[in-house]
Amino acid sequence: LQVTTDLTISFWAKPFDIDSPSRQNPIHKDYTHEYTMTMETSGDLSFYFNDSDSSYNNYQADNMFQNDGEWVHVTAVRKNGDGVYWYRNGELFQTEGWSGGDPVAGGSNVQIGDGYTNPFNGILDDFRIYATALSDDEVKDIYEQRASIDSGGNLHTTHITETKHRGRIADY
């Protein structure tokens, strides 16, 4: 599974302790190639990859995770040559302009909940990886149709309809 083109990563996360252990990986493919995500002790979410210009890129969503024990739906859309678009609970949260070249392919396997730093201390659910940049409406649709959170903070999945979403290459 190598994705050096546009990319969308989407998942639900409920961190038990944002700052312990320090720096946690909800998803990791290759720190020095295609992508990895790291939850920082501040609650920021970093998206790292190297590119064809031999540049190391870090795109960061500030305060993606704000409270321990809170479910958050995270989506990162990487549009090569354009930027990285971060979504929190189905809404555009932050954008960063593109710098450097296209991501470089690596040979590592995808790891969910672990990586080059520390394992994710919490619950992860409904991981999706698309080899395309999803639109605002597609991100919102995934957030609204896939799951809901009740008043007690419990995540419930709902009926799954996959025909609307294009280019999905993995669903964990």
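Residues numbered from 1 in each chain as written. Predicted model: local features only at pLDDT ≥ 70, side-chain atom pairs only at ≥ 80, totals over all residues. Heavy atoms only, no water.

1. Some words on the overall build of the protein chain
- Tallying secondary structure elements over the protein chain gives one helix and 14 strands in all.
- The buried share of the protein chain, reckoned over its 172 residues, is 47%.
- Long-range contacts, defined here as pairs at least 24 residues apart, represent 63% of the contacts in the protein chain between residues at least 6 apart.
- Only carbon and sulfur atoms are counted for the fraction: they give 42% of the accessible area of the protein chain, which is about 7,400 Å². (Helix = DSSP H or I, 4+ residues; strand = E, 2+ residues; numbered from the N terminus. Buried < 20%, exposed > 50% of the residue type's maximum accessible area, 1.4 Å probe, protein only. Contact = heavy atoms within 4.5 Å. Areas by Shrake-Rupley, 256 points an atom, 1.4 Å probe, with all protein chains shown as cover.)

2. Points about the environment of Pro26
- In this fold, Pro26 is placed in strand β2 (residues 24–28).
- Placed 85 residues apart in sequence, Pro26 and Gln111 show a C-alpha to C-alpha distance of 8.3 Å.
- In this view, Pro26 contacts Phe11, Met37, Thr38, Met39, Leu45, Gln111, Ile112, Gly113, Phe120, Leu124 and Phe127; residues no more than four positions away in its chain are not counted.

3. Observations concerning the pairing of strand β4 (residues 45–50)
- The buried fraction of β4 is high, at six of six residues.
- Alternating residues of β4 divide into Leu45, Phe47 and Phe49 and Ser46, Tyr48 and Asn50, and every residue in both groups is buried.
- Relative to β4, strand β3 (residues 36–39) runs antiparallel, the two being bridged by four bridges. If you follow Met39 over to β4, its bridge partner there is Leu45.
- Turn length for the β3-β4 hairpin, with the two strands adjacent in sequence and antiparallel, is five residues, and the turn residue Gly43 shows positive phi of about 95°.
- Counting the residues between successive antiparallel strands, the hairpin from β4 to strand β5 (residues 56–61) contains five residues, one of them, Ser54, with a positive phi of roughly 60°. (Pairing = 2+ DSSP bridges.)

4. With respect to the confidence of the model for the protein chain
- Summarising the model, the protein chain shows a mean pLDDT of 85, and 84% of its residues fall at 70 or more.
- Contacts from residues 158–168, a stretch scored under 50 in pLDDT, to residues over four places away or in other chains number 30 contacts. (pLDDT = per-residue confidence, 0-100.)

5. Overview of the environment of Leu134
- Inspection of the secondary structure assignment puts Leu134 in the loop between β11 (122–130) and α1 (136–146).
- A relative accessible area of 1% places Leu134 in the buried class.
- Separated by 55 residues in sequence, Leu134 and Lys79 have C-alpha atoms that sit 9.2 Å apart.

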